Each structure stands twice: as C-alpha cells, then as structure tokens.
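Read off the chains here:
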6 protein chains.
Amino acid sequence: MRPSNRTPAQSRPVTITRQFTAHAEGSVLVEFGDTKVLCTASFEEGVPRFLKGQGQGWVTAEYGMLPRSTHSRMQREAARGKQSGRTQEIQRLIGRSLRAAVDMKLLGENTIVIDCDVIQADGGTRTAAITGACVALVDALNWARGKGILKTNPLKFLIAAVSVGIYKGEPICDLEYIEDSAAETDMNVVMTETGKIIEIQGTAEGEPFSHEELLSLLDLAKHGIREIVDTQKAALS
Amino acid sequence: MRPSNRTPAQSRPVTITRQFTAHAEGSVLVEFGDTKVLCTASFEEGVPRFLKGQGQGWVTAEYGMLPRSTHSRMQREAARGKQSGRTQEIQRLIGRSLRAAVDMKLLGENTIVIDCDVIQADGGTRTAAITGACVALVDALNWARGKGILKTNPLKFLIAAVSVGIYKGEPICDLEYIEDSAAETDMNVVMTETGKIIEIQGTAEGEPFSHEELLSLLDLAKHGIREIVDTQKAALS
Amino acid sequence: MRPSNRTPAQSRPVTITRQFTAHAEGSVLVEFGDTKVLCTASFEEGVPRFLKGQGQGWVTAEYGMLPRSTHSRMQREAARGKQSGRTQEIQRLIGRSLRAAVDMKLLGENTIVIDCDVIQADGGTRTAAITGACVALVDALNWARGKGILKTNPLKFLIAAVSVGIYKGEPICDLEYIEDSAAETDMNVVMTETGKIIEIQGTAEGEPFSHEELLSLLDLAKHGIREIVDTQKAALS
Amino acid sequence: MRPSNRTPAQSRPVTITRQFTAHAEGSVLVEFGDTKVLCTASFEEGVPRFLKGQGQGWVTAEYGMLPRSTHSRMQREAARGKQSGRTQEIQRLIGRSLRAAVDMKLLGENTIVIDCDVIQADGGTRTAAITGACVALVDALNWARGKGILKTNPLKFLIAAVSVGIYKGEPICDLEYIEDSAAETDMNVVMTETGKIIEIQGTAEGEPFSHEELLSLLDLAKHGIREIVDTQKAALS
Amino acid sequence: MRPSNRTPAQSRPVTITRQFTAHAEGSVLVEFGDTKVLCTASFEEGVPRFLKGQGQGWVTAEYGMLPRSTHSRMQREAARGKQSGRTQEIQRLIGRSLRAAVDMKLLGENTIVIDCDVIQADGGTRTAAITGACVALVDALNWARGKGILKTNPLKFLIAAVSVGIYKGEPICDLEYIEDSAAETDMNVVMTETGKIIEIQGTAEGEPFSHEELLSLLDLAKHGIREIVDTQKAALS
Amino acid sequence: MRPSNRTPAQSRPVTITRQFTAHAEGSVLVEFGDTKVLCTASFEEGVPRFLKGQGQGWVTAEYGMLPRSTHSRMQREAARGKQSGRTQEIQRLIGRSLRAAVDMKLLGENTIVIDCDVIQADGGTRTAAITGACVALVDALNWARGKGILKTNPLKFLIAAVSVGIYKGEPICDLEYIEDSAAETDMNVVMTETGKIIEIQGTAEGEPFSHEELLSLLDLAKHGIREIVDTQKAALS
C-alpha cells in the first residue's frame, strides 16, 4: 500500500497555472501533489556564440531549489559558489528534453531560456519541471508569434515526464519523497504527446532490475504521461 | 503625479500570507503591490563556530532573486558562481535588522536562517523582505516554543521596513520600480513597531539632499511603517 | 554500413591491461577500440563524514579527460576552475554503478576512490570507464583481502557497460565517435554479469524513439555486455 | 569619557599626504588618527561596456585591507578567492559617493578607478577612504586637465565622510576601534563641502535609536565633516 | 650508495615514445625510470589577445598529475577548483623553457599548447616533462611544415632538463622520489643541446649550499643533459 | 651605461624602516630604490594541521601587489578571485627562503606568517620582499622571546636577496624595472649572511647563457647581498 493510498498506477493530482508571474514570456507554476515548481521561459534574441550565423535557434534550461523547499534546509548554491552535480545533471536533462520538442530552424536565431525553480519539494521535481517547462515554452513561442517575431510555430509536439519506480517490490507511478527515498529502482521517463520516448533514465538504487521490471515501469510511465499531457492540453486551451 | 496615481504618502497594498510552503518552521509570502518575496525561517539547533559555548543564539539571512523575477532575465547567481555585491549588501541588511529584534540569550544556542527569495520584482524587494521575514521569524519562534525548545519568547519587538525617496522633486513612500529607477534620492528605513530606528540607508542617486528633505523622508517612512506593522499584526493574529 | 565495417551487433575489440601503473591498489588500462581510459582504484581507510560510525563503506568515482585526448584540444578543467556538467554527470554515473556492485557492510568503514582518466577518446568513454573501473575495483578489493583488511569479498557481481544507439536508422552496438556524433538515439546500459540492469540512460538526440526501438537497443546491449564480461573474466583469471 | 580623552564632537587629527606613491595619477595617504588608508586614483581611457557610446564617464572603487592592518591577522582575500560581503559593501559605498561628486558628461568616455587599501586600521576606515579618495580623484582630474584630455573640470564639489555613533549612551564623532566595537549605534555620513547629504547609513548595533538621537548624530557629523573638508582644501592648495 | 645502486652521475634509463596517442600533432610518452609523463603538443591557429597583429607566435604549457600517479592519492585539481601553487610554478617553468627554443617570428601567428600529464610519478616529473615536451614540440612543428603552414623551421635548438641534488652529502644526478624527499639541496637545470643554460633553479631544502657544491651540481647536470639530448635525437631520427 | 648611471655592480640605496605599522609583531618597510614593500610578520600560536603534535613550528609567506603599485593599474587579485601564477611562485619562494633561516624545533608549535605587500614597484620586488621579511621575522622572534613564549632564538642566520641579470650584454646587479624588462637573463639569488646559497633562480629571457656568465652573475649577487646584509644589521642594531 502506498503512503498516500494511491493505486500503483495512480499519479498525484497535477495542476498547471499559467501566467504565475508577470515578467516572463512564459510563466507556469506546476504542481505534482505537494511538489511545486515555478517554470519561466524567457525569449531572447540572438544565440550563443557556437551557433551564430547558422540560421537556427537554441533552447536551454537552468534548475534550482529554494534552500527551504526541502525538509531540512539545503545550502544555497549561489552562496556555496557552485551548482551541485545533481543540479547540473537535472538542468541538462530538462534542456535536452525541450530541445527535442522544438524545430530549431523555425525558431530562427533566437534563444529560449527555461528556469525551473523548486518552491516546494516532495519527489519528482525534475519530471514536474519538464512538464511545466513545456507549457511555459509554448506560451513563450506564442508570445513571439503574437509579436510577429516568429512566422510559424516551431513546436514539434508537447512533451511531459513522470517518474516510476519499484517500491516494496512493486512498480508504481509518480513517486513522492517518502517512496522515492525507499525505492529499489528509480526511473524518469520523458515522452512526446504521442507516447514516443525522448529520454529514459533508470537506476538500480538497491537491487539490479530485470528486463520484465523495466517493461512494467515503461508501461506505467506511458499511462501516467498520457494523463499528464491531457492536463497540459487542458491548461493550454 | 505617481504612475500608479498613489498619493505621495501612500504605500502599495501589503499582503502577508503565512504557511505559504510546507517544510519551513516559518514561511511567508509577502507582497508590496507587484513585488512578491517568499521568506522562510529555518530553526536549526546549534550556532556558528565563533559563538559556540557562549549560551546565545544567532540569526542570519540570505537573499536571492529568481532569474526571471525581473523585466529582463538576470544571470542565475548559482551558475555565475558568486553572489553580487548588491545581493550581499541586501542579505547583510536583512540579517542585521532581524538580529536587532531578537534577544540572543533567550534564543539559546540555536540559529534561525532566513531565506528571502524574490519571486517577482517591482521595487522595494529588500524592504518587503525584511517585513515578511519578521513574520516568518515570529512563526519559527512560536514553533520552537510549541516544541518546548524555547521556554520564553526571544522576540523583542516586531520590525518592518519601507523605502522612501525623492521622485520628480517630491518625497514619496514605497517606490515601485518605475519610480525607483528615476528617483533622485533613495532611502530604506527599518523601524520597530514603536517607531524607533533600526537601520537607515539613504543615498543621493542624483543630487545631494538637504537636512529638511531627510526629515520629510523620515516622516513618510514612519507613517508607512506604522501601517505595515498593522498588517503584520493582523496577519499574526 | 558502419564506418569500421562492423556488423550492427559487433563491439570493438576490448582490451584490459591490469597493473598499468605502479602505485594504485587497482590500475587498469581499458581499451574499446581507439578509446583508452586509465582506471585506478585507491583503497583508503575511513569514510566520508556522512557515513561515520555506521559500519559501512563507500565507493565513489571521478572522471576526467586529458586535454588532448580529443580531436581538438579541450580546455583543462583544473585551469578553468570547475568540472563541466558533462564530467559531473559521468562521474556520478560511474560511482553509482560501482556502488551497486559492492556490499557496503562487508567493505567496512573503508572508501574506494575510482579515478577514470581518458587518455584517448573515440566514443564510449563512460562505458569503457565503468568496464575498466570494475576490474580495478576487484584488484583493490583483493589487495585489501591480501593485506587482511577485509575478511570476506564485498563484491556482489561484476558489472560492465556498453553504448548502443540508432545510426542511420539502424540499431548498433558500441558506437565510435563518428557514429556517436551522428546517432539519432544514444543509450548507455550498465548490467551485471548475469544480465540484470544497473543503469539505463537513453536519449533521443534527433527523433523520439519507439518502444520497439528501445527493445532492440536493449537486446544489442545485453549481447554486447555479455562479451565484455567475458573479457573482464579472462583478464582477472 | 572617551578612551582618547577627546570631547564627544572632537575628530581625530586628519592628515592628508598627496603623491604618496609614484605611479598613480592621484595618490593620497589619508590618516584619521591611527587609521591609515592609501587611496590611488587611476585615470583610464574608455568606459565599461554598459556605458559605451553614451558620451559619459565612470568612476568606480575597490577596497581592501592588508592582512595585518588589524590587531589580529585577517585572511588575505586574494588567497581566500573572494571578497567578503563587508568589503563589497564598503567599495560600493565609496564608488557611489564619488560618482555623486563628478559630472559624468564632462568626464567624457573615461574611467577613474579608485583603490583604497588600508595600511593600518583603527576604526573609520571607510570614512577615511572616502575622504582621501576624493583628494586623489581631484589630483587625477587635474592630471587629465594638464594633459589636455579634459577641457573643463568635471568635479561638482568636494565630498568627505565621518563616522558618528552612540557610545556609552552619548553621541560622539569619529569613533576609533575601541569605541566602534562597543557602540550601540553606528552611523556613516558622507556630505558635500556645503553640508548636503550624499549618503547616510545608520545601524542600531545594540538598542534601536530615536529620532532625536538621529538628529544629534547628524549634527555631530555635519560639524566633523566641515573640519575635514577644511583639511582637504588645505592639502589641495 | 643510492637506493637504486646508480653511480652519483648516473641518470635513470630514459625512454621516449612518439605518437603515443592519436589526435595531438605531437604526442610523446617520456619515461625517466619509473616516472612517466605524457606530453602532447597542440598546434592551433591564432595567438592570445595580447599578441594579436604582431606577426609572432606563442608557446605555452599546462601540467597536471593524475590523482593516483603518486604513492597516496592526491586530490584532483579539477574537483578542488584550482591548480596548486606547485602546479602553476611547474607549468610556468615548462612554458618559459620551451619558448626559449622557438623563434616566435618564424612560428607566425600560431600557438602551440603543450600539455604534460604525469601518469606515474617517481621524482623528476618536471624535468622529464620538459624533455618529452621538446620532442612533442618538434613533431608539431614538423606536422605544420608538412601541412605547408610553416615554411621554415622555427626550432632554434633542442632543450632537455635534469634534476640534480645533494643527497647524504654527495651530489647526484636525476633524483628518484626516495632521494628527492631526503635531499638537502635540489636543483633543476634546463639546457640547450649545446650545453648553454636556459633555466637553473636551486633550492636549499636543508642546509644552505656553497659555491663549490653549486659547481659540482652544474657539472652533473651538464653531463646528464648531454646524454638525454642523445636520447631525444635518437627518438627523432 | 645603466639608466640610473649606476655601475654594473652597484645596488640601489636600500632603506629598512622597522615598526612601520602598529599591530604586527614585526613590521618593516623595505625600499630598494623606488621599490617599496611592506613586510609584516605575524606570530601565531599553533601550527597547520599537517604539523600538529610534531613539536616544531612553521613559517609561511603571502605576497601581493597593490593594484596601482605598477605603471598601469593591475587587476586586484581579490576581485579577480584568484592569485596569479606569478604571485604564487613568488610567495612560495619567500616562504621557502625564510624557512631555511629558522630552526623549526626551537620555534616550537608556533607559526609565523609573513605578508609582503608591494606599495610601489620598480623591479626586484621579490628580492626586496625577502630582505625586508627577514628583518620583520627577527622582530617577531624577538617579540616572542620578550613575551617568554620562546626561550632561545630560533634564527639560524640572516638571509637577504638580490636580482642580477645580463642587460645589453653586461652582467649587472639589482635591476630596476626598465632594466628588468629588457634583460636577456634574469636571476634571483638568496644567500645567508655568510654567503652560502639558499636559492638561485636563473632564467634566459632572451638568449641562453653560458657557464661563465652564470659565474659572473653569482659574483655580483654575492657582493650585492653582502652590502644588503650590512644594511639589515644596521637596521637591527
């Protein structure tokens, strides 16, 4: 039995609030249960130096946790003077996933910077971040189309993400913190709105897992992401 | 005339939301108009090394801005690898002000870490931060009393802050961004609930200012802070 | 057709040279074709602070590339003053994978530090590193048993890794650099000697991939790793 | 009674030695009693990037303490790898104050960098630094006029600074270290040669202070600065 | 008697392996006994900013030790976030020595970056590095001539280096680690192939040394370097 | 002919002012002509961790240049966030040289930290620093003997240093900046008061130099240092 009484395949309630803050071209508060992440998309003209003059755009992401988004206070990375390996790993994952959703030629020589800042953490911050960031990205692209900066929509498809894992021997979907910290296996999956795979990262925290377990986890993820995409679409309509 | 049609002495609406996030012992979202700052107070046992064994506590603060809290995106300080001089100046001010409000002997060998993170900026982030942080501090102290960690209340008085300045030749209270960036003189004032001064920092951005102008600004600040303290008290009751 | 005329399932020749350098308790040069990585395992008494007094050990890894291990010179990370996100991501993967192979209780309060330094790069440096590091780990554990520091062998199983990917529309095994940089999908798989999964990281570099493609890639990985484990066993016997 | 037997309003002897070192366009050793600060002004063609092409100049300042300028040795900031919050706060104050004294249009696209390095510390290093830096600035501006780089004098007025505070319940002027470390209230005031206010920074180190105490402190500061400006003028004539 | 039974004037066997790795324009593994250093020379078009437009080239060097090249593991400088003073001292020595061997006008606006990475350390890593780097430099220059980038050979002469020192009261040549750590005096000498001095760095680790001892050490160095240059020439022919 | 009309063997006037600042146990301003370095010696109880419990002391040094000690302003190392390779090389040289002059057993578990800060630079800052630091060291040791912390004098001998070089083809002593920047060969020599060698660092900036030139330079250094030691002794008496 899960601590929250959810069924194995049941995700937490997902809430997507657009225009959460005023300045960003896209600004989304995404909630997966008690996990809350603010995702902003900033549309900037120009591209990083390594892309100049190639007629294509760039999408990149940064991730952070507010020091007291967690149960006990974490050291502020700005004060510590560097981002942790975990932070870098997560922001690389977010950026890579979103780049897969955008046609860089259609974006032209423009850059979209996604900032994902965790306001409150209860497991699954990276999958919530990807899910919310995609909606913020859509808003920023629409803003640019409204301004006439973009003629056509560079979005190839929506993407969303969910975590799955093996907890007390059973595959479950969308782990909250208490499940995550006790899981034997932990897997993050990013998919398109049509169920194709963008990214899969599975780790045996305890025991190695079998091919069959991997297939069960993938099934759970596919089902969970399908529902989350529905929530994205509802928020965007 | 002020851009917002406020009278010179009129502060923006101040909103204080307690228990904004779940994990911190004190968690407050403070809003001065469109300026929104999340202030958390973390109660931690023990004190920094320079205070060990002296039977007294410590209060310190950190400040940050989310990269897209501002009109155009600011570089993330964690990615840049250091906090700016402005950030350090502000967090030192917040910490110093709050320490003035706490009896360190009554706090015992415990530390309260205040984190002030700007979600959305429209001028006056440091004065909003001090105002919200004080409420978060009260909540953290009450938490510790509820837990039996503290026997008596170490709070000496409430503190609150407001910015005042000379804009188009006239002293005004609680500057928003568009006023702040055009002000000739900018002053931040921190006071106790009974109107005594904790901190005063006035700067001639344009022309030097006179003794009389300083007195007018102080009057505005005293009046503004009195109202803000009322809002703090209402939020806490 | 692959640039090297290999069949899709064919790995490059894998060579494992033990005792490559003199000082480390385990020192292995691993070669996957033209990719050459020096893996050393240092056995150190004691554990990091967060583990002290818990009666268990720790295994961690660091990764680096010599500046001219690559086609054009990369900036030296020591001179630049920080490790890149890619470096941190890789060394976290290596450490996590090796920890899965060791019974930390049997290791006692000892630490094994794995250093993987790329001498020459031609794709697959992280999978070569994991493969070589496992052999260096075995040597360091045996060294400690020979010294009487360990009574029993903490190794749970051998682990090895290989990269697979979709190149010109076809799933292939053990990508060299020219394939890797053109692959639509790239996946790194770490398995135990009995074919259970330790880690799977798949990324759609170009197009999203299907469930069926994932299964094909997993099959290739399982087959490739089985051969690599044979090479590990031969080197260790 | 003050440790030095000074009256409450009495500043320490102020000495200003111009051309203290050979290379800088302005080089001043300023002494407030036992506090000794070397202030150099470097005249450089060009402006920082954010000002390019706007036809105006820039003035900025840096501050440091020699490691053994203090009673016990302080860690060298260059060795530590960063400047403390206190250092940044002080150098921002010095730069801001001096910018108020210069007409940036008349300065043209030139930059003056002020370096204030404390040779020996006995309280009031920031106010001594501002006082000495102003004289070094005048020398650098005159150097540029002598070279024909500047046609007219960009100096708007002299500025000087002094610290005031409440010590053993009584307002006093120009605190030395022993007074400063015991003061209930500490205030730094920067004024023009005609007594207008450039900057005021008052802090309740112990008890909050009243409006009346603030006025007493301001009076002391005004009187003290008037004398210090006389010393500046004598040194410059 | 020396631990290795060498005579006082006897260097360790020196081995020079060219084309040790595939990508660099020059790549040399140099061995002085058990000291093994990989030296690569990277030929890059363009020069650092301070040399632009002057029609001359630049040669620079970087040095590092693999963490477990030493008896006990050293912290990785990339992880620590900075290069040690010792590292910087050595790489400055290597760069300076090699620049003395190259006619910068004939090199044109090109840069050669030398990377010296210690694979295994047993004393004398800096002198081995200089010796190997010179051969890698020659290979890179010949590569550029083969490509038609250089018309004439910018090499002025070969250079090589050896350490000498006073060990148990007697001057000896090419100290291994056990000798080096017990030596009273330690001196590194860099010479041209004709015996002229490029660099001499002598340090009294224990007792100060006399003029006569200096002369004996220089004699040993001259003799040792002559043999090492012969090995360089044999490797290059 | 030398720019200053000095004879080849003639050093600049050397001035040593003790007790230049108030707080340090030893505080010396040393001047070699227009080169002025402030050397302070701080006596601290305890030793660094690697020496604890061994019954011996430690001497270490740090070096810095004030930003405008030079003809054009140098970037402040504290602001830049790290010390340059040149700075580290010099402070290692100063520390090593002074350690040779002290009997660490007699010093007991105490540390002397030498800070050498260049107030004004005109060549030879490192040799002036060593010369002045030795006098500051003597004062700090005498202070400790006066306090009864040390029973016997740990000083083994005075040390002093001078630079020599080949300028326009002729060996000269104590190069000023204009000579130094044009010298073909540059050598720094540290000797004891009886003429034994502590450190010798010679570099061919232009052409390699011969054995005979080395001997001439050494002769000049020996003669120059003898005079400088006389100045030290006069200052100390």
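Residues numbered from 1 in each chain as written. Chains lettered and ligands numbered in written order. Predicted model: local features only at pLDDT ≥ 70, side-chain atom pairs only at ≥ 80, totals over all residues. Heavy atoms only, no water.

(A) How the structure looks around the overall build of chain A. The helix and strand inventory of chain A stands at 6 helices and 9 strands. A globule of 237 residues ought to have a C-alpha radius of gyration of about 18 Å, and chain A, at 18 Å, matches this closely. Taking the principal axes of its C-alpha atoms as reference, chain A extends roughly 55 × 40 × 30 Å. Buried positions account for 62% of the 237 residues belonging to chain A. Contacts in chain A between residues far apart in sequence, at least 24 positions, make up 68% of those at least 6 positions apart. Across chain A, 27 positive and 30 negative side-chain charges occur, with their mean positions spaced 6 Å apart. (Helix = DSSP H or I, 4+ residues; strand = E, 2+ residues; numbered from the N terminus. Rg over C-alpha atoms; globule rule 2.2 N^0.38 Å. Buried < 20%, exposed > 50% of the residue type's maximum accessible area, 1.4 Å probe, protein only. Contact = heavy atoms within 4.5 Å. Lys, Arg positive; Asp, Glu negative; His and termini not counted. Charge placed at Lys NZ, Arg CZ, Asp CG, Glu CD.)

(B) Broad picture of the sheet that holds strand β6 (residues 159-167) of chain F. Taken in spatial order, the 8 strands line up as β7(E)-β6(E)-β8(E)-β9(E)-β9(F)-β8(F)-β6(F)-β7(F) in an open sheet, and their pairing is antiparallel. In this open sheet, the two strands that pair with only one neighbour each are β7 (170-173) of chain E together with β7 (170-173) of chain F. Each adjacent strand pair in this sheet contributes to an overall mean axis angle of 15°, direction not counted. Pairing between strand β8 (residues 185-192) of chain E and strand β9 (residues 197-204) of chain E: 7 bridges, direction antiparallel. In the sheet register, Asn-188 of chain E faces β9 of chain E, and the bridge partner there is Gln-201 of chain E. Of the strands in this sheet, β6 (159-167), β8 and β9 of chain E together with β9 (197-204) of chain F touch helix α2 (residues 85-99) of chain E, which is tilted by about 155° from β9 of chain E. Against the sheet, helix α6 (residues 211-236) of chain F touches β9 of chain E together with β6, β7, β8 (185-192) and β9 of chain F, its axis set at about 140° to β6 of chain F. (Pairing = 2+ DSSP bridges. Axes fitted to C-alpha atoms, helices over the stretch in contact; angles between N-to-C directions.)

(C) Fine view of the interface of chain B and chain D. In this assembly, 30 residues from chain B lie in contact with 30 residues from chain D. Summing both sides of the interface, chain B and chain D together bury roughly 2700 Å²; the carbon and sulfur share of this comes to 54%. On the chain B side of the contact with chain D, Glu-89, Ile-197 and Pro-208 of chain B bury the most area, a combined 21% of that side's loss. Inspection of the chain B/chain D interface yields 4 salt bridges. Inspection of the region where chain B meets chain D yields 12 residue pairs in polar contact (both at pLDDT 80 or more). If you list the elements that add at least two residues to the side of chain B that touches chain D, you get α2 (85-99), β9 (197-204) and α6 (211-236) of chain B. Top element by residues in the side of chain B that touches chain D is β9 of chain B. It accounts for 8 residues. In terms of residue class, the side of chain B that touches chain D is made up of 11 nonpolar, 10 polar and 9 charged. Bridging between β9 of chain B and strand β9 (residues 197-204) of chain D involves 5 bridges; their strand directions are antiparallel. Bridge pairing in β9 of chain D links Ile-200 of chain B to Gly-202 of chain D. (Buried area = accessible area lost by both parts, 1.4 Å probe. Salt bridge = Lys/Arg side-chain N within 4 Å of Asp/Glu carboxyl O. Polar contact = N/O pair within 3.5 Å; in protein donor to acceptor, adjacent residues only side chain to side chain. Nonpolar A, V, L, I, M, F, W, Y, C, P; charged D, E, K, R; others polar.)

(D) Quick peek at the pattern of salt bridges. The final tally for this structure, using the stated rule, is 109 salt bridges over all chains. Glu-89 of chain C is paired through a salt bridge with Arg-96 of chain A; the nearest N and O atoms lie 3.9 Å apart. In this pair, Glu-89 of chain C is assigned in helix α2 (residues 85-99) and Arg-96 of chain A in helix α2 (residues 85-99), connecting two distinct chains. A residue is classified by how much of its surface remains accessible, and Arg-96 of chain A, at 18% relative accessible area, is buried. Within the structure, one salt-bridge network assembled from shared partners comprises Arg-2, Arg-6, Arg-12, Asp-122, Asp-174, Glu-176 and Glu-179 of chain A.

(E) Representation of the packing of α2 of chain E against helix α2 (residues 85-99) of chain F within the structure. In the contact formed by α2 of chain E and α2 of chain F, the axes pass within 9 Å of each other and the chain directions differ by 110°. In terms of their interaxial angle, α2 of chain E and α2 of chain F are classed as roughly perpendicular. α2 of chain E and α2 of chain F meet at a crossing whose hand is left-handed. Touching Gly-85, Arg-86, Gln-88, Glu-89, Arg-92 and Arg-96 of chain E of α2 of chain E are Gly-85, Arg-86, Gln-88, Glu-89, Arg-92 and Arg-96 of chain F, all from α2 of chain F. Tallied by class, residues from the contact of α2 of chain E with α2 of chain F come to no nonpolar, 4 polar and 8 charged. (Parallel < 35°, antiparallel > 145°, perpendicular 65-115°, else oblique. Left-handed = near helix turned anticlockwise from the far one by under 90°.)

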